[in-house]
There are 2 protein chains.
Amino acid sequence: MREPQQERSRATHQRLLEATIECLAERGWAGTTVGVVAQRAGVSRGAIQHHFPTREDLITSALEHMFDRRMHEVRIAAEGLPRGEGRVESIVVRLVDYFTGEVFKAALQVWTAAAADPVLRERIVPLELKFGRTVHAVAIELLEADDTDPTTHRLVQATLDMGRGLGLADVLTDDSRRRSEIVKAWAAHLAQALAPARPGTAPADTLPRRE
Amino acid sequence: MREPQQERSRATHQRLLEATIECLAERGWAGTTVGVVAQRAGVSRGAIQHHFPTREDLITSALEHMFDRRMHEVRIAAEGLPRGEGRVESIVVRLVDYFTGEVFKAALQVWTAAAADPVLRERIVPLELKFGRTVHAVAIELLEADDTDPTTHRLVQATLDMGRGLGLADVLTDDSRRRSEIVKAWAAHLAQALAPARPGTAPADTLPRRE
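Each value, and the rule that gives it
Residues numbered from 1 in each chain as written. Chains lettered and ligands numbered in written order. Predicted model: local features only at pLDDT ≥ 70, side-chain atom pairs only at ≥ 80, totals over all residues. Heavy atoms only, no water. Helix = DSSP H or I, 4+ residues; strand = E, 2+ residues; numbered from the N terminus. Buried < 20%, exposed > 50% of the residue type's maximum accessible area, 1.4 Å probe, protein only. Contact = heavy atoms within 4.5 Å. Areas by Shrake-Rupley, 256 points an atom, 1.4 Å probe, with all protein chains shown as cover. Core = buried A, V, L, I, M, F, W, Y, C linked by side-chain atoms within 4.5 Å.

Draft legend 1. Quick look at the overall build of chain A. What chain A contains, in helices and strands, is nine helices and zero strands. C-alpha atoms of chain A, sized along the principal axes, occupy 65 × 45 × 30 Å. Here chain A holds 211 residues, and 48% of them are scored as buried. Within chain A, contacts between residues at least 6 apart in sequence are counted, and of these 66% link residues at least 24 apart. Here chain A displays about 10200 Å² of accessible surface, and carbon together with sulfur accounts for 51% of that area.

In structure tokens form, the structure reads like this:
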């Protein structure tokens, strides 16, 4: 038995988080006021303050919640991927999709504002650390890579930094054509580099290769 | 014979461009007003308006001029690099230094503001295109890579996107330790990938390798 009241409250909460992310991605940090989010979500300012006492609470909660949801979606999408040659590329595509998506664009606005605001920075640094560690852990899990191998650890980090850079290159213009070629070339190299260390696969030199 | 008046004017111009970049990197887009830049550069607002009619003129001129200077410095620094095994890594280090430097941090503030401002975006997109093409051309030149080879072209792009991502990861915290390990690991892979295509070098399989 669910309480209709409780359910409405949960739906409002959810709508507020989504509206905050949309608003950050479209209007930037300065344009994401409580009033603008209230209007977009169709709730009163008072209702927002009931859920989130301050603007910073609203924004950091929205980023954290929506990031967790995106990582969950990346994991779910990867479950259906066939094993074999194209798997590494498919995983890199999904990871890069996160960096070119709305949550990353929203986070970019907040990170950039925090660069010029010491109080906000102190609040955002732990969030950035969490995001960085989580996306790394998801990448290692999906790639079934051995993170204790230093070269593997660094190449996975490099892949995610490339993803961040591709995200940045997509902020002002649609960079999807250029990006898909880069991801393909990178994934081919990553697949080669990871292959010898992956358990249960044939030795590196017996696998089909693209040079 | 140089005119002292003309020389003073040139020095003021230069000081304004430097102050604008420092201000963007430290205080962000919103905090970089003509008044703040004037104070930092030690000139009057009137003197700024003599050089740059609008705030946008000042900011885009500063980005363009300081970017050109940084690329010139990267080229000069690379001239002294010895040929041989460590060269690719040294070049990647210098390129990544650009992405973690003040000009990139300033540009990031402007790109992010432009994402939420259609008028500014229209003005910034050509600048972003120019920056992207120039840094790619500098990388190809320094690496003596064959940009007509599609894989080489994409791996150099991926290297620069990784640089962008590393720049972003350095905005809120000092990421230099993590970064130097990633750069080392990626440069080793890039050197391998570029080696067979580079003219005047030994065939790939006779070169010393790090695996």
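Draft legend 2. Main features of the nonpolar core. Residues Leu63, Tyr98 and Trp111 of chain A together with Leu63, Tyr98 and Trp111 of chain B are the most contacted members of the largest nonpolar core, which totals 138 residues. In contact with Tyr98 of chain B, other than residues within four places in its own chain, are Phe67, Arg70, Met71, Val103, Phe104, Phe131 and Val135 of chain B.

Draft legend 3. Fine view of the environment of Val138 of chain A. Residue and element names in this part refer to chain A. Here Val138 shows up in helix H7 (residues 118–143). Using a relative accessible area of 0% as the deciding quantity, one classes Val138 as buried. A C-alpha to C-alpha distance of 15 Å links Val138 and Thr148, two positions 10 residues apart in sequence. Val138 has contacts with Met71, Val74, Arg75 and Leu95, leaving out every residue within four places of it along the chain.

Interpretation note: all reported values are geometric properties and have no functional meaning in isolation.
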